[in-house]
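Observations on the model geometry
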Amino acid sequence: MIQRESKGDDALPGIGDHLAGLNPWNCIDVTGSGRRVLVIGGGPAGLMAAECARACGADVDLCEQLPSVARKFLIAGKGGLNLTHSEALVDFVARYRERAPQIGEWLRHFGPKALREWARALGHETVIGSSGRVFPADFKAGPLLRAWLRRIRASGVRVHCGWRWNGWDEAGHWRFESTGGAHALNADAVVLALGGGSWSRLGADARWRAPLAARGVDIAPLRAANCGFECAWSERLLERHAGAPIKGVSLRLADTASAEAPIGEFVLTRHGIEGSAVYALAAELRERIARDGHAELLLDLAPRRSQAQLTDTLKRERGKRTLAEHLRRCTGIDGARAALVFESPERAALADPARMAARIKSLSLRLTATRPLDEAISSAGGVRLEALTEALELRALPGVWCAGEMLDWEAPTGGYLLTACFASGWIAGHAAAKARP
Ligand SMILES: Cc1cc2nc3c(=O)[nH]c(=O)nc-3n(C[C@H](O)[C@H](O)[C@H](O)COP(=O)(O)OP(=O)(O)OC[C@H]3O[C@@H](n4cnc5c(N)ncnc54)[C@H](O)[C@@H]3O)c2cc1C
């Protein structure tokens with residue numbers, strides 16, 4: 001069994017007392033604390049927890065069910081590996097919505113700046129893209145991950161790949177299956193960093209929910225976040241434009257005041273829409289669909305021009321040109337963007353310049369469902385933060401900490417996901433290594 005002095009929550013140290021002054025990259029304690037920490041899950045959160053626990057002198061084993069670690073992190077590298085964001089911390093923290101107060105605390109210990117320094121210490125400078133997003137200078141995950149794993153292994157962390165945790169045995173030991181057979185491990189402290197519920201082929205299969213729920217851990221249902229949405233397109237649009245990117249547009253929710261929406265892009269899919277401009281609104285859209293059965297999104301296809309400017313330009317002499325050709329010549333809108341304009345049920349009315357301009361500026365899309373969780377970039381839901389202490393220890397299972405996407409928070413794409421995974425791994429790893437046995 002995990003050995004730990006039993007004490008009430010009030011007696012637990014606050015996150016600040018627990019972690020104050022720790023910096024794993026200049027305080028490697030090779031003498032060891034003698035404390036045995038088991039980390040389960042080899043994504044960015046688990047690797048960070050293992051590295052931090054080891055840096056605090058613990059004896060660390062990390063078990064990963066797949067044949068290699070950090071597969072989702074490597075896939076994130078295909079998009080350039082958006083590690084974090086350079087915006088002001090107050091804006092950064094606000095991206096975590098209702099969880100901003102708690103995650104703001106995590107980021108005080110390991111925030112976007114610390115993450116960039118961590119990458120630099122591994123020999124990988126970071127760069128800021130035009131959108132403020134931060135990437136490794138080579139826009140790759142592989143070299144960074146290899147350098148990190150070298151350092152983790154050299155520090156003495158034992159990494160066991162192909163070991164799947166599947167509950168506890170009768171003696172209360174952590175039970176694993178591997179190709180080499182069954183194993184039962186014991187530890188003074190355990191960090192769970194098992195991922196959320198999307199892209200299950202990369203390991204985040206959410207099978208951890210049943211054993212933890214059976215032990216009284218409060219878990220919010222997993223839902224798709226940063227996901228695509230369903231929208232009924234005409235056969236004509238699907239045939240010609242499924243898969244087309246729609247760039248330089250802005251999207252906003254129909255039922256909110258028309259604050260200036262950022263300019264971004266999305267993709268027309270066979271089922272509807274997906275992409276970064278959609279992900280930024282995904283949580284609100286998902287909530288509206290759950291409440292009303294649908295959500296209405298307003299698309300501005302020409303955000304740099306006013307409706308009056310568009311109306312004026314569309315008043316030009318059309319002659320014998322088709323409406324589509326007139327639209328292209330006057331506004332530059334063609335291809336998939338024009339097809340969206342002509343998806344209108346009142347196509348004939350678009351010959352009126354004012355009606356056409358209004359449609360370009362405020363094209364309504366009716367979204368009826370999220371795409372399945374497994375297709376989403378990330379998941380919302382998971383272990384509720386109320387089920388954890390400030391230092392991320394499970395109240396129902398003292399001696400067990402949690403980190404990463406398996407916790408109940410969400411954020412849009414932009415580097416916010418990885419940053420919170422690293423930060424929570426940092427906290428859980430330190431706390432697990434330092435907690436009094
Ligand atoms: C296509 C794609 C692109 C992305 N791009 C970005 C990006 O650019 N920037 C960004 O911030 N975020 C990005 N993300 C999200 C980011 O990758 C995840 O939020 C992050 O990897 C979550 O880290 P984690 O350690 O919590 O979980 P994971 O990375 O999912 O790792 C969990 C690990 O636990 C293991 N595990 C699960 N169950 C068990 C078990 N029972 N026993 C043993 N091991 C187990 C899994 O096999 C897995 O390796 C992207 C995601 C996807 C899918």
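The structure presented is a predicted model; accordingly, all values stated were derived computationally and were not measured.

Thresholds applied
Residues numbered from 1 in each chain as written. Predicted model: local features only at pLDDT ≥ 70, side-chain atom pairs only at ≥ 80, totals over all residues. Helix = DSSP H or I, 4+ residues; strand = E, 2+ residues; numbered from the N terminus. Buried ≥ 20, exposed ≤ 12 C-beta atoms within 10 Å, placed from the backbone. Core = buried A, V, L, I, M, F, W, Y, C linked by C-beta atoms within 7 Å. Domains from an automatic or database assignment. Contact = placed C-beta atoms within 7 Å. Pairing = 2+ DSSP bridges. Axes fitted to C-alpha atoms, helices over the stretch in contact; angles between N-to-C directions. Near = placed C-beta within 6 Å. Nonpolar A, V, L, I, M, F, W, Y, C, P; charged D, E, K, R; others polar. Parallel < 35°, antiparallel > 145°, perpendicular 65-115°, else oblique. Left-handed = near helix turned anticlockwise from the far one by under 90°.

**Some thoughts on the overall build of the protein**
- The number of helices and strands found in the protein is 16 helices and 20 strands.
- The principal-axis extent of the C-alpha atoms belonging to the protein is close to 85 × 45 × 40 Å.
- A total of 437 residues make up the protein; the buried ones form 46% of that total.

**Quick look at the nonpolar core**
- Counting 127 residues, the largest nonpolar core has Val37, Val39, Ala49, Ala53, Val191 and Cys402 as its most contacted members.
- Of all the elements, helix H16 (residues 416-434) adds the most residues to this core, at 13 residues.
- Looking at which domains feed residues into this core, each of domain 1 (9-225 + 379-434) and domain 2 (229-370) gives three or more.
- Non-local contacts of Val37, meaning those with residues more than four positions away in its chain, are made with Ala53, Ala58, Val60, Ala187, Asp188, Ala189, Val191, Ala432 and Ala433.

**Overview of the sheet that holds strand E12 (residues 229-230)**
- Here seven strands make up an open sheet; going across it, the order is E17-E16-E13-E14-E15-E12-E18 and the pairing antiparallel. The sheet terminates laterally at strand E17 (363-367) and strand E18 (369-370), the two strands that pair on one side only.
- Where strand E13 (residues 245-253) and strand E16 (residues 295-300) come together, four bridges link them in antiparallel fashion. Among the inter-strand pairings, Leu251 is bridged to a residue of E16, identified as Leu299.
- Sheet contacts for helix H11 (residues 282-292): E12, E13, E16, E17 and E18; angle to E16, the most-contacted strand, approximately 140°.

**With respect to unusual backbone geometry**
- For Leu81, which is not glycine, the phi torsion reads 60° and is therefore positive.
- For Leu81, the location among the structural elements is in the loop between helix H3 (71-76) and strand E3 (84-85).
- Here the phi dihedral of Ala206 falls at roughly 60°; this positive angle occurs in a residue that is not glycine.
- One can find Ala206 in the loop between strand E10 (189-192) and helix H8 (209-214).

**Digging into the site of the ligand**
- Looking at the ligand, there are 38 residues lining it, with Gly41, Gly43, Gly195, Gly203 and Gly404 nearest.
- At the level of secondary structure, the elements contributing two or more residues to the shell around the ligand comprise helix H2 (44-55), strand E2 (59-64), H3, strand E7 (164-168) and H16.
- In terms of residues, the shell around the ligand owes the most to one element, H3, which gives five residues.

**A word on the pairing of E7**
- Alignment of E7 against strand E8 (residues 174-178), held across three bridges, turns out to be antiparallel. Within E8, the residue paired with Trp165 across the bridge is Phe176.
- Taken together, E7 and the strand that follows it, E8, pair antiparallel across an intervening segment of five residues, in which Gly172 is found at a positive phi of about 85°.

**What to know about the environment of Gly123**
- Within the secondary structure, Gly123 sits in the loop between helix H6 (112-121) and strand E4 (126-128).
- Considering only alpha carbons, one finds Gly123 and Leu144, 21 residues apart in sequence, at a separation of 8.0 Å.

**Re the domain arrangement of the protein**
- Under the domain assignment used here, the protein contains domain 1 (9-225 + 379-434) and domain 2 (229-370).
- For domain 1 versus domain 2, the distance between C-alpha centres works out to 39 Å.
- Looking at the side of domain 1 that touches domain 2, the element that brings in the most residues is strand E11 (residues 219-225), giving three residues.
- Across the side of domain 1 that touches domain 2, the residue classes tally to four nonpolar, one polar and three charged.

**Focus on the sheet that holds strand E1 (residues 36-40)**
- The strand order across the open sheet built from five strands is E6-E2-E1-E10-E20, with neighbouring strands paired in parallel fashion. Looking at strand neighbours, the two that pair on one side only are strand E6 (158-161) and strand E20 (400-402), the edges of this open sheet. Taken pair by pair, the neighbouring strands of this sheet meet at an average axis angle of 20°, ignoring direction.
- Alignment of E10 against E20, held across three bridges, turns out to be parallel. For Val190, the partnering residue across the bridge sits in E20 and is Val400.

**Comments concerning the pairing of E13**
- Relative to strand E14 (residues 263-268), E13 is paired through four bridges, and the arrangement is antiparallel. Within E14, the residue paired with Ile246 across the bridge is Phe266.

**Remarks on the packing of helix H12 (residues 307-314) against helix H15 (residues 353-361)**
- The interhelical angle for the contact between H12 and H15, taken along N-to-C directions, is 140°, at an axis separation of 8 Å. Classed by the angle they form, the pair H12 and H15 counts as oblique. In this structure, the crossing between H12 and H15 has a hand that is right-handed. Here Gln307, Leu310, Thr311 and Leu314 of H12 lie close against H15, whose contacting residues are Pro353, Ala354, Met356, Ala357, Ala358, Ile360 and Lys361.
- Of the residues contributing to the contact of H12 with H15, the split by class is eight nonpolar, two polar and one charged.

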